[in-house]
Every structure is written in structure tokens, then in C-alpha cells.
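A look at the structure
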Amino acid sequence: MRHPPPPSRYRIYERDRRLVVVDHWATGRPAQASPTTAAANPGRRKVVPGKLDRIAFDGRTQFTTHRLFDAKGPRTITLDPGSASVIGGVKVALAITAAAIVFVAVTAPYLLLLLVVLLQPKLRQPIRRAITAWLDRAAGQPG
């Protein structure tokens, strides 16, 4: 004879576009999230470097940079639609490049030694300065 499963310990529901978990076995009232979490600060968004966040219907976008490619980073800049599409294209090109590197690593791993040469600081610094200057121009800031 099969018995029905016991009632669930947790109840999950959505409130203000957030999931809330209630533990029915806990004594007292449900535990609250700490004030440092994003759920306690509904006006704050988690900042993810490299993510394009559309902020207006006209195509303006906020972009958070990273210290890897921006000498003034991390910073959040507002881009016009043209600059945002350029960054979107660069992200696609980087994804294709990453796929090509994985393919080369599987088929001819000795060619990965070229990455050691390309990742030298003397070669990276001019590229990083050029990216920072382009981001300054796209954000309308003086270089």
C-alpha cells in the first residue's frame, strides 16, 4: 500500500517579480534576507561588466566596463544606439574568436603558443589605451 508523500517543507511564490521561499518547518516567522542582498535593495541592479543594459526606448544603453579592457574601468557609461551596436558586434567577434581558440586547442595545441606572445603586456597596453579612448569618445567624455 502506497502512502501519499508528506507535505512540502517549502512554499515558493512570486512577490514583486522576486521569488520568496517560506520554510514551513522553521519556528517563528520566515527568515528574512540580509540587507546586503539585492532583494533587500529593489532599486539596485547587479552590475555585470560587459553587459549592455537598455535604458531608453530610443536605443540608449548603459555599458559597464572592466579593468581588463578599460584603463579607467570599471565604470558605467551611456552609449548611443550606434556605439551599442558596435559593442554588440565586438562581443559576437569575441565569441567566434573563443570558439576558434577552442578548436585550435583541440586540433593543434602547439599553435596556442601564439597566445603567449599576444598576451604580453607590451602588446596589450596599446590596445587597452585605444579601447579606453574609443569608450571616452562614445560616452562623450574628454580623453
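One structure accompanies this document, and this report is about it. (Residues numbered from 1 in each chain as written. Predicted model: local features only at pLDDT ≥ 70, side-chain atom pairs only at ≥ 80, totals over all residues. Heavy atoms only, no water.)

Overview of the environment of Ile-101
Inspection of the secondary structure assignment puts Ile-101 in helix α1 (residues 81–107). Note: C-alpha distance between Ile-101 and Leu-111 (10 residues apart in sequence) is 9.4 Å. (Helix = DSSP H or I, 4+ residues; strand = E, 2+ residues; numbered from the N terminus.)

Considerations on the pairing of strand β2 (residues 18–23)
Sheet analysis places strand β1 (residues 10–15) next to β2, joined by 6 bridges and oriented antiparallel. Bridging across to β2, Arg-15 finds its partner in Arg-18. Linking β1 to β2, which pair antiparallel, is a turn of 2 residues; within it Asp-16 sits at a positive phi near 55 degrees. (Pairing = 2+ DSSP bridges.)

Some thoughts on the side chain of Asp-70
With respect to the helices and strands, the residue Asp-70 is situated in the loop between β4 (61–64) and β5 (76–79). At a separation of 3.2 Å, a polar atom in the side chain of Asp-70 contacts the main-chain amide nitrogen of Lys-72. For Asp-70, the contacting residues outside a window of four places in its chain are Thr-65, Arg-75, Arg-128, Thr-132 and Leu-135. (Polar contact = N/O pair within 3.5 Å; in protein donor to acceptor, adjacent residues only side chain to side chain. Contact = heavy atoms within 4.5 Å.)

Comments concerning the pattern of salt bridges
When the charged atoms of two side chains with opposite charge come close together, those side chains can pair. Inspection of every chain in the model, using the stated rule, returns 5 salt bridges. Residue Arg-75 is joined to Asp-70 by a salt bridge in which the shortest nitrogen-to-oxygen separation is 2.7 Å. Judged by relative accessible area, Arg-75 falls into the buried class, the value being 12%. In this structure, Arg-75 and Asp-136 form a salt bridge, with 2.8 Å as the shortest nitrogen-oxygen distance. On the criterion of sequence distance, the pair formed by Arg-75 in the loop between β4 and β5 and Asp-136 in helix α3 (residues 121–139) is long-range, its members being 61 residues apart. Each member of the pair Arg-75 and Asp-136 is classed as buried. Connected through salt bridges with shared partners, the residues Asp-70, Lys-72, Arg-75 and Asp-136 form a single ionic network. (Salt bridge = Lys/Arg side-chain N within 4 Å of Asp/Glu carboxyl O. Buried < 20%, exposed > 50% of the residue type's maximum accessible area, 1.4 Å probe, protein only.)

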